[in-house]
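Fold and geometry: a report
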Amino acid sequence: MALQGPIPVTFAMVFPHGCYIVGEVEPVKDFDASSNGRFVQARDKQTAELVWQVAVMDGDPTLNPAQKTVAVKILAPVQPVPPQPMPGLPFTPVEFDGITVTPYVNAAGRLAFSIKVQEMHAPRQTAQPAQTASTAKAGKEAA
């Protein structure tokens, strides 16, 4: 099979309704290397970068509450800094670049995905929606 290892995907494929930071960016513990109270941070097996983790809430309104929050692992040499909060919003919107997913079977026997990213940043501005015939006509009448 040609697919081996992490599968590259786009942000829109994983979070089509956007996502929001609901936790702190924290280092991921390497459970094999850590011992006797000594913390060793995990490194990614493919890139050897340090692994950080942040909890995000998926903006998809159709998900049940138990599915809304997921952990995103960020591969970076230093602790990533989340985007600045937006005034009037209870959660900070965020986007990711360089996303890969790795499918696995969780402890409950269900298919799950590990999400790893290369970069975290504030959402990019989107283009204005295309005009429909009725909004274009209304704009011409107002002029």
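Look a little higher up for the structure.
Let me sum up the structure you'll find in this document.

Thresholds applied
- The numbering scheme is per chain: residues are counted from 1 as the chain's sequence reads.
- Owing to the predicted nature of the model, reporting of local features is limited to residues with pLDDT of at least 70; listing and counting of side-chain atom pairs is limited to 80 or more, with chain, interface and lining totals taken over all residues.
- The side-chain quantities take in all heavy atoms of the structure and omit both hydrogens and water.
- Buried Ala, Val, Leu, Ile, Met, Phe, Trp, Tyr and Cys residues that are joined via side-chain atoms within 4.5 Å together make up what is termed a nonpolar core.
- For every residue, the accessible area (1.4 Å probe, protein chains only) is compared with the maximum for its type, and the residue is labelled buried under 20%, exposed over 50%, or partly exposed between those bounds.
- Secondary structure is summarised from DSSP: a helix means a run of H or I of at least four residues, a strand means a run of E of at least two, and numbering begins at the N terminus for each.
- Pairing between strands is defined by DSSP: at least two bridges between them are needed.
- Two rings from Phe, Tyr or Trp (for Trp, the six-membered ring) form a pair when their centres sit within 6.5 Å of each other. Planes less than 30 degrees apart are called stacked, planes more than 60 degrees apart edge-to-face, and all others tilted.
- Points on a 1 Å grid, built from protein atoms alone, make a cavity when a 1.4 Å probe fits but cannot get out and make a pocket when they are open with protein on both sides within 12 Å along at least 5 of 7 lines; residues with an atom within 4 Å of a point are the lining residues.
- Grid points are joined across faces, edges and corners, and a volume is the space filled by probe spheres set on the points.
- Side-chain classes follow a simple rule in which Ala, Val, Leu, Ile, Met, Phe, Trp, Tyr, Cys and Pro form the nonpolar group, Asp, Glu, Lys and Arg form the charged group, and the remainder, Gly included, forms the polar group.

1. Side note on the nonpolar core
- Ranked by size, the top nonpolar core spans 20 residues in total, and within it Phe-15, Val-54, Val-56, Val-72 and Phe-96 carry the most contacts.
- Elements represented by at least two residues in this core include exactly strand E2 (19-21), strand E4 (51-58), strand E5 (69-75), strand E6 (92-97), strand E7 (99-105) and strand E8 (111-117).
- Ranked by residues supplied to this core, first place goes to E4 with 3 residues.

2. Considerations on unusual backbone geometry
- Positive phi, close to 50°, is recorded for Asn-36, a residue that is not glycine.
- You can see Asn-36 is positioned in the loop between strand E3 (26-27) and E4.
- Residue classification places Asn-36 among the exposed positions, given a relative accessible area of 83%.

3. So, the environment of Ala-48
- Assignment of secondary structure puts Ala-48 in the loop between E3 and E4.
- Classification of Ala-48 as partly exposed rests on a relative accessible area of 44%.
- Separated by 28 residues in sequence, Ala-48 and Ala-76 place their C-alpha atoms 9.5 Å apart.

4. Here's the deal with the pairing of E7
- As defined by bridge partners, strand E1 (residues 7-9) adjoins E7 across 3 bridges and the pair is classed as antiparallel. Opposite Pro-8, over in E7, you have Thr-100 as the bridge partner.
- Counting the residues between successive antiparallel strands, the hairpin from E7 to E8 contains 5 residues, one of them, Gly-109, with a positive phi of roughly 80°.

5. Considerations on the packing of aromatic side chains
- Summed over the entire model, instances satisfying the criterion amount to 2 aromatic pairs.
- Ring centres 5.6 Å apart and planes at 40° place the aromatic pair Phe-11 and Phe-15 in the tilted group.
- Their ring planes at 50° and their centres at 6.5 Å tell us that Phe-11 and Phe-96 sit as a pair that is tilted. One end of the pair, Phe-11, is in helix H1 (residues 11-14); the other, Phe-96, is in strand E6, and 85 residues separate them in sequence.
- The class for Phe-11 is buried, based on a relative accessible area of 14%.
- Here the aromatic residues Phe-11, Phe-15 and Phe-96 are joined through ring pairs into a cluster of three or more.

6. Quick look at the layout of surface pockets
- Approximately 620 Å³ is the volume found for the largest pocket.
- Along the wall of the largest pocket there are 20 residues; nearest its centre are Gln-67, Val-70, Ala-112, Phe-113 and Ile-115.
- Elements with a minimum of two residues in the lining of the largest pocket: H1, helix H2 (65-68), E5, E7 and E8.
- Top element by residues in the lining of the largest pocket is E8. It accounts for 4 residues.
- Of the residues belonging to the lining of the largest pocket, the class tally is 15 nonpolar, 3 polar and 2 charged.
- Within this model, the second largest pocket holds a volume of roughly 450 Å³.
- Taken together, 16 residues line the second largest pocket, and the ones lying closest to its centre are Ala-42, Arg-43, Lys-45, Lys-73 and Lys-116.

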